[in-house]
Amino acid sequence: MSSDETPNVPSPRSSREAVREKAQQVHAKQSRARIMRRIIVGAVAVVAVGAIGTAVAMAVTSSVSEPTMSPSGMDSDGIAVNTAPSVGAEEVAETPAPEETASGATETPAPTPEPTASTAVVDVHIYVDYLSPGAGEFERANARQLAGWINEDAVTVTYHPVSMLTASSNGTKYSLRAAAAAACVSTYSPTQFYAFNHELLVDQPEVDTNGRSNVELADLAQAVGVDDPKVVRRCIEKEDFASWAKDATSRALEGPLVGSDDLVLTSAPMIVVNGEAYVGSLKDPAEFSQFVLTVASETDATQAPTPTPTTTETPAE
């Protein structure tokens with residue numbers, strides 16, 4: 001290739017000169033700025049002495065008169081869900097189809113117990129950290145049946161956002177910010193809380209990653225259709241309820257949890273049904289349903305009807 005085709009690349013010498021010239025310009029600008037700062041500092045020194053006392057007094061008064069912002073509509077730091085949209089649950093096992101036996105009779109598999117509407121409503125409290133993989137697993141597995149129970153008035157479900165994994169997001173405090181964002185949605189657009197909560201749990205960032213920014217959390221809230229997106233966005237981006245989220249987590253860690261005598265928050269998620277902690281599989285909706293049925297039966301044995309399984313018998317041919 002001839003020398004005429006060589007790209008017009010600046011020589012190292014000219015590059016160094018350009019950098020040096022730029023550095024000189026920056027230095028001259030900074031020198032002028034320092035001179036101006038000295039003049040300004042000298043001019044305001046007398047005023048500053050008098051202003052310091054006033055500023056300190058105002059700061060003290062402000063810190064005393066402005067309490068920590070708390071979300072509205074909360075019950076023991078929880079958000080009760082009265083209606084739930086029909087959300088999908090990828091990991092919910094479908095009821096298998098009846099199988100034909102060797103004799104030609106059709107067998108119907110044992111159904112999963114499901115709570116039915118009654119005067120004895122089952123009380124379910126779910127403590128969720130939006131960075132906890134287990135919280136996501138439980139939501140994906142049980143969202144469908146929880147939504148059904150809520151809409152049938154068979155259970156009351158209350159979500160408690162907590163921030164136990166605040167230190168597991170590269171310093172961004174994602175757990176704390178996500179819990180505060182959930183409180184913003186609950187306060188200013190309560191009907192969209194369930195959808196926002198569901199999206200946070202089924203589409204989680206991984207532990208030890210930055211997680212969503214406040215802008216992305218606000219975008220998600222707007223995507224689920226919050227009533228007043230500007231107000232919700234401002235609340236989320238300013239982290240209005242971050243202090244509340246931190247305090248609510250501390251209260252849950254100290255206990256007792258709602259409806260119990262001595263339970264304290266030990267992990268997230270933590271599911272408490274009529275005051276009893278669920279310790280079964282987070283991925284098995286049938287096991288959780290059985291637990292709810294058992295606890296309800298024990299609690300209401302001498303009271304109103306409890307959730308009962310529904311069976312279907314197919315006569316043999």
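Everything here concerns the structure above.
In what follows, the accompanying structure is described. (Residues numbered from 1 in each chain as written. Predicted model: local features only at pLDDT ≥ 70, side-chain atom pairs only at ≥ 80, totals over all residues. Heavy atoms only, no water.)

Notes on unusual backbone geometry
Turning to step 1, where the next piece is worked out: The step from G255 to P256 runs through a cis peptide bond, and the omega angle for that step is -5 degrees.
Turning to step 2, where the next piece is worked out: Residue A268 is joined to P269 through a cis peptide bond whose omega torsion reads 10 degrees.
Turning to step 3, where the next piece is worked out: A positive phi angle, close to 70 degrees, is found at D208, a residue other than glycine.
Turning to step 4, where the next piece is worked out: Residue N274 is not a glycine yet carries a positive backbone phi of 50 degrees.
Turning to step 5, where the next piece is worked out: Note on placement: N274 falls in the loop between β6 (270-273) and β7 (276-277). (Helix = DSSP H or I, 4+ residues; strand = E, 2+ residues; numbered from the N terminus.)

A short note on the pattern of salt bridges
Turning to step 1, where the next piece is worked out: Across all of its chains, the model carries five salt bridges by this definition.
Turning to step 2, where the next piece is worked out: Across the pair R251 and D77 runs a salt bridge whose closest N-O atoms are separated by 2.8 Å. Of this pair, R251 sits in helix α7 (residues 242-254) while D77 sits in the loop between α1 (12-65) and β1 (79-81), and the two are 174 residues apart along the sequence.
Turning to step 3, where the next piece is worked out: According to the relative accessible area criterion, D77 is buried, its value standing at 17%.
Turning to step 4, where the next piece is worked out: The partner of D203 in a salt bridge is R212, and the shortest N-O contact between them spans 3.3 Å.
Turning to step 5, where the next piece is worked out: Note on D203: relative accessible area 45%, which makes it partly exposed.
Turning to step 6, where the next piece is worked out: Judged by relative accessible area, which is 14%, R212 ranks as buried. (Salt bridge = Lys/Arg side-chain N within 4 Å of Asp/Glu carboxyl O. Buried < 20%, exposed > 50% of the residue type's maximum accessible area, 1.4 Å probe, protein only.)

A short note on the packing of aromatic side chains
Turning to step 1, where the next piece is worked out: Under the counting rule described, the total for this entry stands at six aromatic pairs.
Turning to step 2, where the next piece is worked out: Within the aromatic cluster, the residues linked to one another by ring pairs are F138, W149, Y278, F288 and F291. (Phe/Tyr/Trp six-rings, centres within 6.5 Å; stacked < 30°, edge-to-face > 60°.)

Points about helix α8 (residues 285-299)
Turning to step 1, where the next piece is worked out: Over its 15 residues, α8 runs 21 Å from end to end, which matches the ideal 21 Å to within 8%, given 1.5 Å per residue.
Turning to step 2, where the next piece is worked out: Burial in α8 covers these residues: P285, F288, S289, F291, V292, L293, V295 and A296.
Turning to step 3, where the next piece is worked out: Buried positions along α8 lie against β4 (122-128), α2 (133-151), β6 and β7.
Turning to step 4, where the next piece is worked out: Sitting at the head of α8, D284 places a side-chain oxygen 3.0 Å from the backbone nitrogen of A286. (Expected span 1.5 Å × (residues − 1). Contact = heavy atoms within 4.5 Å. Polar contact = N/O pair within 3.5 Å; in protein donor to acceptor, adjacent residues only side chain to side chain.)

With respect to the state of the cysteines
Turning to step 1, where the next piece is worked out: All told, the structure shown has one disulfide when counted by the stated rule.
Turning to step 2, where the next piece is worked out: Put simply, C184 and C235 are joined by a disulfide, and their sulfur atoms are 2.0 Å apart. Handedness here is read from the sign of the S-S torsion; for C184 and C235, about -75 degrees, the answer is left-handed. Of this pair, C184 sits in helix α3 (residues 174-188) while C235 is found in helix α6 (residues 229-237), placing the two residues 51 residues apart along the sequence. The same class applies to C184 as to C235, namely buried. (Disulfide = S-S within 2.5 Å.)

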